[in-house]
Amino acid sequence: MIMDPRPRVICLPNTMTNWPWPHVMNPHYEDVKAEVDAPFRKFKALSAKSQEAFDRYDSARLAGLAYPNASREHLRIACEFINVLIIVDEYTDVENAAVAEAMVGIVIDALHNPHKTRPEGECILGEIIRQQVSSNCLITHSDAQEILHRFWTSAIQTASLPFQRHFLASFIAYLRAVVVEALDRDEAHCRTISDYIKLRRDTCATKPAIAIYEVEMDLPDEVFNHPVIVELVEFIAELMSIDNDMISYNKEQATGDDNHNLITIVMAELGLDRSGAMVWAARYHAEVEKRFIDGLAKVPSWGPSTDVLVKQYLDGMATWARANHSWSYETQRYLGTRGPEILRTGLVPLLPKVNCKATSAAEKVNITDLSVTDAIADRKQPSRISRPT
C-alpha cells in the first residue's frame, strides 16, 4: 500500500472579500500596546508558557483594528477589555459548568463592585470553588478581580452612563452564555444549527465589544434598544462568529474542543464533510452580509445630532467584523505564523489530534502548539489538488 505523502488540508474560504469596510489600524496602536501589555504581565495570572502564547495573540492589534478612530484613552480601555475577554474565554473554555459559573460569578461581582475592598485571599465562592478553581486554574480569584478592577474602574472614570448600562447588560449576557456553553460541553450536547447560532450570538462576545464604541458617546437607550439596531448588531455577531468558527476550527478539532463550533454543528446536522461544511458556512456568511447591508436602509432618524452618533455606531460595528477577520489571520492564536499565507491560498494543514485527557485545565489552555502548523506546511507545500478533509 502506497501512503499519500501530501498533508491533509482544510479549504478555508475568504468570506470578507466583498465587505465594504476597510482594514485600518489605529495610529495609537504601538504606544497603547506597550502601555497595556506591561501592567498585564505584572498580574502574573499566567504561567510563563501561557504568557508567551498570550503575547503571540497580540490582543492590542485586534483593538487597534476594531477601533481605528478611537482616542488614545479610548483605545487603552478597549485593549484592556480584550485582554479580559481572552482570559475569560481561554479559561472557561476548558472548565466544567460549575467552575465556569464560579469564574463568571467572580467577574460579575468585580463589575458590580469595582470599588469594594476585598480581604487578601478571600474566598467568595464557597468550598467547592476553593478546591476546584484554586487547584485547577492559573487565574485566581484575586487575579480575575484585579484584572477586571483595572479595566472597569478605568472605564467608568471617563465613559458615558449609557455606555456603562449597555456594556454591563451585554457583557453579563455573554458571561451567562459562556456557562451554558460549558454545560453543553459537560453533557456533550450538540445543538441544532438554529439553536447554536442563537447561543453563539452571545458567546462570541460581539455585543459588549460593539458597546465599547459608546465609551465616548451618549447613545440613547431608544437607539440601542431599537429593533432595527438590535437586528443589525445580531447580524454582525453572526458574521464574527462564523468567521471565528471557520478559522479556529482546525485548532479546536485538534484539542477535541470543537463541539461549540459551527463547522462541527453543520457536519452533524447536514451530514457534510469538513469542506462541505466550510462551503455552507461561507454561503451563510454571504447571506448575513446582505441582510446587514439591506438593514442599514431601514435605520430610522432620531434627529441630526443623534444620527451622527448612530452613523459612528453602525460604522463601528461593521468595522469590528472586518477587524475580527483580519486579526484572525494576523495573530498566531489560530493559525500560527502561517495566517497571511493561509489567507492567500485558502489551504490549512490539518493539525493532528492532541491527547488532553491527562492534562490539567490550566495546561489545556495552550496545549495546542501551533508551530505544528508550520512544521506540517514545511514538510511539503500542499498543492491545489491536495485532498481536502
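Attention here is on the structure that accompanies the text. Fair warning: this is a prediction, and the values are worked out from it, not measured in the lab. (Residues numbered from 1 in each chain as written. Predicted model: local features only at pLDDT ≥ 70, side-chain atom pairs only at ≥ 80, totals over all residues. Heavy atoms only, no water.)

A short note on helix H8 (residues 161-186)
So, step 1. With 26 residues, H8 extends 38 Å from end C-alpha to end C-alpha; this agrees with the ideal 38 Å at 1.5 Å per step.
So, step 2. The N-cap residue of H8 is Ser 160: its side-chain oxygen and the backbone nitrogen of Phe 163 are 3.2 Å apart.
So, step 3. Just past H8, the residue Ala 188 takes up positive phi, approximately 50°. (Helix = DSSP H or I, 4+ residues; strand = E, 2+ residues; numbered from the N terminus. Expected span 1.5 Å × (residues − 1). Polar contact = N/O pair within 3.5 Å; in protein donor to acceptor, adjacent residues only side chain to side chain.)

Thoughts on the packing of helix H5 (residues 97-112) against H8
So, step 1. Direction vectors running N to C along H5 and H8 enclose 170°, while the axes themselves pass 8 Å from each other. When the axes of H5 and H8 are compared, the pair comes out roughly antiparallel. Contacts between H5 and H8 involve Ala 97, Ala 100, Glu 101, Val 104, Val 107, Ile 108, Leu 111 and His 112 on the former and, on the latter, Phe 167, Leu 168, Phe 171, Ile 172, Leu 175, Arg 176, Val 179, Ala 182, Leu 183 and Asp 186.
So, step 2. Considering only residue class, the contact of H5 with H8 consists of 14 nonpolar, 1 polar and 3 charged. (Axes fitted to C-alpha atoms, helices over the stretch in contact; angles between N-to-C directions. Parallel < 35°, antiparallel > 145°, perpendicular 65-115°, else oblique. Contact = heavy atoms within 4.5 Å. Nonpolar A, V, L, I, M, F, W, Y, C, P; charged D, E, K, R; others polar.)

A closer look at the nonpolar core
So, step 1. Tyr 67, Phe 167 and Phe 171 are the most contacted members of the largest nonpolar core, which has 104 residues in total.
So, step 2. Look past the residues within four positions of Tyr 67 in its chain and what remains in contact with it is Asn 26, Leu 75, Ala 78, Ala 209, Ile 212, Tyr 213 and Trp 320. (Core = buried A, V, L, I, M, F, W, Y, C linked by side-chain atoms within 4.5 Å. Buried < 20%, exposed > 50% of the residue type's maximum accessible area, 1.4 Å probe, protein only.)

Observations concerning the packing of aromatic side chains
So, step 1. Applying the stated criterion to the full structure yields 12 aromatic pairs.
So, step 2. With a centroid separation of 5.6 Å and an interplanar angle of 40°, the aromatic rings of Trp 19 and Phe 292 are classed as tilted. With Trp 19 in the loop between strand E1 (9-11) and helix H1 (29-42) and Phe 292 in helix H14 (residues 274-296), the pair connects residues that are 273 residues apart, well separated along the chain.
So, step 3. Residue classification places Trp 19 among the buried positions, given a relative accessible area of 4%.
So, step 4. Between the aromatic rings of Phe 167 and Phe 171, the centroid separation amounts to 5.2 Å while the plane-to-plane angle is 25°, which identifies the pairing as stacked. Taken as a pair, Phe 167 and Phe 171 lie in helix H8 at a separation of 4 residues, close to a single helical turn. An identical accessibility class is assigned to Phe 167 and Phe 171; each is buried.
So, step 5. Above the face of the Tyr 57 ring, Arg 333 is positioned so that its terminal group lies 5.1 Å from the ring centre. (Phe/Tyr/Trp six-rings, centres within 6.5 Å; stacked < 30°, edge-to-face > 60°. Lys NZ or Arg CZ within 6 Å of the ring centre and 35° of its normal.)

A closer look at helix H12 (residues 227-255)
So, step 1. Between the first and last C-alpha of H12 there are 39 Å, a value that for 29 residues agrees with the 42 Å anticipated at 1.5 Å per step.
So, step 2. Along H12, the helix axis deviates most sharply at Tyr 249, where the bend reaches about 55°.
So, step 3. With 24 of 29 residues buried, H12 is to be regarded as a mostly interior element. (Bend = angle between axes of the 7 residues up to and from the residue.)

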